[in-house]
Amino acid sequence: MNDFQKELILNLRKFCQNSIESHMEHDDAEGRFRMEIFQGLGDYGVTGVTLPEEFGGANLSYLDYSYILEEIASASVPYAVTVSVSGMVQSILMDFGSRAQQEQYLPALTCGKEIGAFALSESHSGSDAANLKTTAKKVPGGYVLNGTKMWITSGGIAKTYIVMARTGGEGAKGVSAFIVRDGAPGFSFGKAEKKMGWKTSPTRELIFENCFVPEENRLLEEGQGFKVAMGGLDRGRVAIGAIGVGCAQRALDESIKYALTRQQFKQAIFDFQGLQFMLADMATETESSRLLVKAAARSLDSGSPNSKLCSMAKLKATDTAMRVTTDAVQVLGGVGYTAEYPVERFMRDAKVLQIVEGTNQIQRVVIARHLKKEYEHHA
Ligand code: CAA
């Protein structure tokens, strides 16, 4: 980290400890999201990190962003995810939106006044995203959307939704992307999911019943929506990787602190070699995940995202988050399983990191496809 990043993270840590951490045990139990926390992150300048200043962003790099998400995640994975999904919506508007769309939607998102959400998944098309069934039928002046989106992070609390819907035939080429605002006639929210973790981040169904969306809300041309979604996910997957690193780091910190003070058989449990090997592996996995996330973030900063590296970062860091949080509960033993210590919350919050923004099986598919192409190219 350079001096600027150190200063930024030190101050952010204080904010997270005072304004987020203090609520987490209670809000996790109640399933409560607080808009004032998100707006506080906005006031702090971390809800539009990579966006240019002209749209209210902080104009920082993806590398800076990865440190920021890591820090927020080490206090709360769900708030880091709210920031990152809203950030993915911003990057989609920045990369694929018209100037008019950018001016209209970005400023409220970058400053944290509003939240953005991304709507691709449906009940029958999760991993097979190009098979989505929601339709967008062309009518004079725009489109009429019909269908239901599932498992939408920030559903109900977001104001701006990027919605993928079918304007053409089967497959990826028939998909278009639209900006839909909360309150659009025919757009409503379905059930709020009850989940294992991410309790402070609402996950809802989105229901479109003859929902009219004006033509100027389409991103790019008809049929280019799948590329919009995949391009957004390249960036989103690095962000989820950074969140995985923050989650793992927090679990590691809690484990070491506990192991140094907990006495059994007349010595700190840290001094048992069995524990030392476990903690050394946890630290090594966390650090190697961090390095991979940084490499992927640098590829985003270079202007030519490396999808293979983005998927590798997401895969490695979120598998690490699951393993390290699970081991942390083991290190703490009985109390690790109770809400007295935060490690059980981080373990529950880690699980879905292996599922969202493409399951870790899909990340392997993406990596393998790149390997095949590279080797065919060299042959
Ligand atoms: N960037 C740009 N374009 C891309 C791309 C990328 N990274 N990846 C693929 N494309 C393009 C391809 O080039 C292709 O276009 P052409 O035919 O013009 O070349 C088109 O998209 C279709 O690509 P594929 O043939 O590879 O498509 P596929 O049907 O085989 O699917 C997949 C590929 C990787 C499996 C994809 O469906 C996928 O990523 N699935 C997982 C879905 C996912 O990640 N969902 C996450 C939901 S959002 C979420 O979780 C957010 C949250 O709540 C936290």
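Worth saying up front: this structure is predicted, and the values here are computed from it rather than measured.

A.B. asks: Quick one: what's the story with the packing of helix H8 (residues 307-332) against helix H10 (residues 360-378), residue by residue and with numbers?
C.D. replies: Working note: a packed helix pair is described by the angle between its axes plus the distance between those axes. Relative orientation of the contacting elements H8 and H10 amounts to 145°, with a least axis distance of 9 Å. In the crossing of H8 with H10, the sense of the turn from one axis to the other is left-handed. Facing Ser307, Lys308, Ser311, Met312, Lys314, Leu315, Thr318 and Asp319 of H8, the residues of H10 in contact are Asn360, Gln363, Arg364, Val366, Ile367, His370, Leu371 and Glu374. Classifying every residue of the contact of H8 with H10 by side-chain character gives five nonpolar, six polar and five charged.

A.B. asks: So what's going on with the packing of aromatic side chains? Which residues, and what values?
C.D. replies: Scanning all chains against the criterion turns up ten aromatic pairs. Considering the side-chain rings of Tyr258 and Tyr341, the 5.6 Å spacing of their centres and the 85° angle between planes classify their relative orientation as edge-to-face. A residue pair is termed long-range when its members are at least 10 positions apart, and Tyr258 in helix H6 (residues 225-261) and Tyr341 in the loop between H8 and helix H9 (343-351) qualify at 83 residues. Taking relative accessible area as the criterion, Tyr258 reaches 11% and is therefore assigned buried. For Tyr341, a relative accessible area of 27% gives the class partly exposed. Above the ring of Tyr143, the side-chain terminus of Lys138 is found at 4.9 Å from the ring centroid. One cation-aromatic arrangement involves Lys294 over Tyr67; the distance from NZ or CZ to the ring centre is 3.9 Å.

A.B. asks: Which residues make up the pairing of strand E4 (residues 160-166), and what values go with them?
C.D. replies: Burial runs high along E4: seven of the seven residues are buried. The side-chain alternation of E4 yields two buried faces, one formed by Thr160, Ile162, Met164 and Arg166 and the other by Tyr161, Val163 and Ala165. Across four bridges, strand E1 (residues 116-119) lies against E4 in parallel orientation. Within E4, the residue paired with Gly116 across the bridge is Thr160.

A.B. asks: Describe the site of the ligand, with residues and values.
C.D. replies: The environment of the ligand is made up of 25 residues, and the closest members are Thr153, Lys173, Arg237, Glu357 and Arg369. For the ligand, the accessible surface in isolation is 1100 Å², of which the surrounding protein chains cover 71%. Among the secondary structure elements, those contributing two or more residues to the shell around the ligand are H6 and H10. Broken down by element, the residue count for the shell around the ligand peaks at seven residues, all from H6. Of the residues in the shell around the ligand, the class split is twelve nonpolar, seven polar and six charged. If you count residues domain by domain, the shell around the ligand takes at least three from each of domain 2 (117-226) and domain 3 (232-378).

A.B. asks: Break down unusual backbone geometry for me, with residues and values.
C.D. replies: In the Ramachandran plot, Ser154 falls in the positive-phi region, its phi being about 70° despite a non-glycine side chain. Of note, Ser154 is situated in the loop between strand E3 (142-153) and E4. Given a relative accessible area of 0%, Ser154 falls into the buried group. Positive phi is not limited to glycine here, since Trp198 has a value of about 45°.

A.B. asks: Tell me what's going on with the pattern of salt bridges, and back it up with residues and numbers.
C.D. replies: As enumerated under the stated definition, the model contains 28 salt bridges in all. Across the salt bridge formed by Arg250 and Glu254, the nearest N and O atoms sit 2.9 Å from each other. With Arg250 and Glu254 both in helix H6 and four residues apart, the pair spans about one turn of that helix. Assigned by exposure class, Arg250 and Glu254 land together as buried. One salt bridge connects Glu287 with Arg290, and the closest N-O pair in it is separated by 2.6 Å. One end of the pair is Glu287 and the other is Arg290, both in helix H7 (residues 273-301) and three residues apart, which spans about a single turn. When salt bridges with common partners are traced through the structure, they connect Glu21, Arg250, Glu254, Lys257 and Arg345 into a single cluster.

A.B. asks: Describe in detail the side chain of Thr325, supporting the description with residues and values.
C.D. replies: Along the polypeptide, Thr325 turns up in helix H8. A polar atom in the side chain of Thr325 sits 2.7 Å from the backbone oxygen of Ala321.

A.B. asks: Any details on the nonpolar core? Residues and values, ideally.
C.D. replies: Within the largest apolar cluster, 95 residues are counted, with the highest numbers of intra-cluster contacts made by Ile20, Ile72, Phe118, Leu145 and Val180. If near-sequence neighbours (up to four positions away) are discounted, Phe118 is found in contact with Val85, Met88, Val89, Ile92, Ile152, Ile162, Met164, Ala229 and Leu233. Counting residues in hydrophobic clusters, the runner-up holds 16 residues, among them Ala251, Tyr258, Leu279 and Met282.

A.B. asks: Let's hear about the environment of Lys159: which residues, and what values?
C.D. replies: Topologically, Lys159 is positioned in the loop between E3 and E4. Owing to a relative accessible area of 36%, Lys159 belongs among the partly exposed residues under this scheme. Through-space distance from the C-alpha of Lys159 to that of Ala108 is 9.6 Å; in sequence the pair is 51 residues apart.

A.B. asks: I'd like to hear about helix H1 (residues 3-30), residue by residue, with values.
C.D. replies: Between its first and last C-alpha, H1 extends 39 Å over 28 residues, near the 40 Å set by a 1.5 Å rise per residue. Taken as a whole, H1 carries its principal kink of about 55° at Met24. Among the residues of H1, those classed as buried are Gln5, Leu8, Ile9, Leu12, Phe15, Cys16, Ile20, Met24, Asp27 and Asp28. Those residues of H1 that are buried are in contact with helix H2 (35-43), helix H3 (62-75), helix H4 (77-96) and H9. The residue sitting at the N-terminus of H1 and contributing the capping side-chain oxygen is Asn2; that oxygen lies 3.2 Å from the backbone nitrogen of Phe4.

What counts and how
- Residues numbered from 1 in each chain as written.
- Predicted model: local features only at pLDDT ≥ 70, side-chain atom pairs only at ≥ 80, totals over all residues.
- Heavy atoms only, no water.
- Axes fitted to C-alpha atoms, helices over the stretch in contact; angles between N-to-C directions.
- Helix = DSSP H or I, 4+ residues; strand = E, 2+ residues; numbered from the N terminus.
- Left-handed = near helix turned anticlockwise from the far one by under 90°.
- Contact = heavy atoms within 4.5 Å.
- Nonpolar A, V, L, I, M, F, W, Y, C, P; charged D, E, K, R; others polar.
- Phe/Tyr/Trp six-rings, centres within 6.5 Å; stacked < 30°, edge-to-face > 60°.
- Buried < 20%, exposed > 50% of the residue type's maximum accessible area, 1.4 Å probe, protein only.
- Lys NZ or Arg CZ within 6 Å of the ring centre and 35° of its normal.
- Pairing = 2+ DSSP bridges.
- Near = heavy atom within 4 Å.
- Areas by Shrake-Rupley, 256 points an atom, 1.4 Å probe, with all protein chains shown as cover.
- Domains from an automatic or database assignment.
- Salt bridge = Lys/Arg side-chain N within 4 Å of Asp/Glu carboxyl O.
- Polar contact = N/O pair within 3.5 Å; in protein donor to acceptor, adjacent residues only side chain to side chain.
- Core = buried A, V, L, I, M, F, W, Y, C linked by side-chain atoms within 4.5 Å.
- Expected span 1.5 Å × (residues − 1).
- Bend = angle between axes of the 7 residues up to and from the residue.

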